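Chain by chain, the residues:
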Amino acid sequence: MLVLVAPGQGAQTPGFLTPWLELPGAADRLGTWSDAIGLDLAHYGTQADADAIRDTAVAQPLLVAAGLLSASALGEVAPGAVAGHSVGEITAAAFAGVLDDTAALKLVRKRGLAMAEAAAITQTGMSALLGGDPEATIPHLEKLGLTPANVNGAGQIVAAGTMEELAALEADKPEGVRRVVALKVAGAFHTHHMAPAVASLEQAAAELAPADPKITYVSNKDGQAVATGAEVLSRLVGQVANPVRWDLCMETFKELGVTALVEVCPGGTLTGLAKRALPGVRTLALKTPDDLDAARELIAEHAG
């Protein structure tokens, strides 16, 4: 059983879309999306520097566009389930047929702008904790005023909060945590700091007409499969200000009988987690078009 997954913010790197735009039709497709959302995706994916693509309002649509481009380059794919981490959930919603590509990009553009605006209210950030036991780590974070914004499984939790709270974490790590790594994001996503963005997204979602998922869609909220398009959309809105439970998503993959996992561009983060949390499951990350042949072979072996 194949699971197709899409990464979240922080996976982007300068120039990462350059080789993908050499594929037939890719540049035209990206140009159409750019016109639809008022953002030059080709420029940001090929020429912009790290600071420019760290901007939440840019990074989020860029990641969704990259996921959609790389997935379409695979050809016909019949995964048993789809999921995305944070903003990758919008990419996954397009994979599942809940939203068409243009609707997904319009929604993520509004999401990125709303979250950037919310992040500007207070200086906040996120840091990944490597190692440690969640039962000890989560209470320690809460004691420092931080939120366990991403519970990723495989020994990784991402803390989010103000810069002062994150500095306190550096000085006072939870027991068993080996390292605290600051993430290249511009705010405390999936926390109460993002509450102002929820209202904007509710308004944007009300303008959409989602279809029910054609493929099992696994939600970040609780790792459960969601049966209706309306519920997918509702969860996409609420998830902005609530923690990502990728650990529970991977538990659901296990229950579904996953045998292979392919992560769309810019892949690497979620396959890394899967290698540690899903032993025996074949994984492949789409980083450049050079990975497409191997991905197609894996898909042919494991897709339903």
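Preceding this paragraph is the structure being described.
Residues numbered from 1 in each chain as written. Predicted model: local features only at pLDDT ≥ 70, side-chain atom pairs only at ≥ 80, totals over all residues. Heavy atoms only, no water.

Quick look at the sheet that holds strand S5 (residues 156-162)
- Taking strand neighbours across the sheet as the criterion, the four strands line up as S4-S5-S3-S6 in an open arrangement whose pairing is antiparallel. Edge positions in the sheet fall to strand S4 (147-153) and strand S6 (177-182), since each has one partner strand and no second. Here the average twist between neighbouring strands, direction ignored, is 25°.
- Relative to S5, strand S3 (residues 124-131) is paired through seven bridges, and the arrangement is antiparallel. Residue pairing across strands places serine 127 opposite alanine 159, the latter belonging to S5.
- Along the sheet, helix H7 (residues 134-143) contacts S3, S4, S5 and S6; its crossing angle with S5, the most-contacted strand, is approximately 5°. (Pairing = 2+ DSSP bridges. Helix = DSSP H or I, 4+ residues; strand = E, 2+ residues; numbered from the N terminus. Axes fitted to C-alpha atoms, helices over the stretch in contact; angles between N-to-C directions. Contact = heavy atoms within 4.5 Å.)

Re empty space enclosed by the protein
- Under the definition given, this model contains one cavity of 30 Å³ or more.
- As a volume, the largest cavity reaches approximately 30 Å³.
- Lining the largest cavity we find Ser86, Glu89, Ile90, Arg111, Leu236 and Gln239.
- Residue composition of the lining of the largest cavity, grouped by class: two nonpolar, two polar and two charged. (1 Å grid on protein atoms, 1.4 Å probe; cavity = no way out; pocket = protein on both sides within 12 Å on 5 of 7 lines; lining within 4 Å. Points joined across faces, edges and corners; volume = space filled by probe spheres on them. Nonpolar A, V, L, I, M, F, W, Y, C, P; charged D, E, K, R; others polar.)

A closer look at the sheet that holds strand S9 (residues 260-263)
- The strand order across the open sheet built from six strands is S8-S7-S2-S1-S9-S10, with neighbouring strands paired in mixed fashion. The two strands at the open ends of the sheet, each matched to only one other strand, are strand S8 (225-226) and strand S10 (282-285).
- In the sheet, strand S1 (residues 2-6) pairs with S9 via four bridges, with the strands oriented parallel. If you follow leucine 4 over to S9, its bridge partner there is valine 262.

Read these as spatial facts, not as claims about activity.
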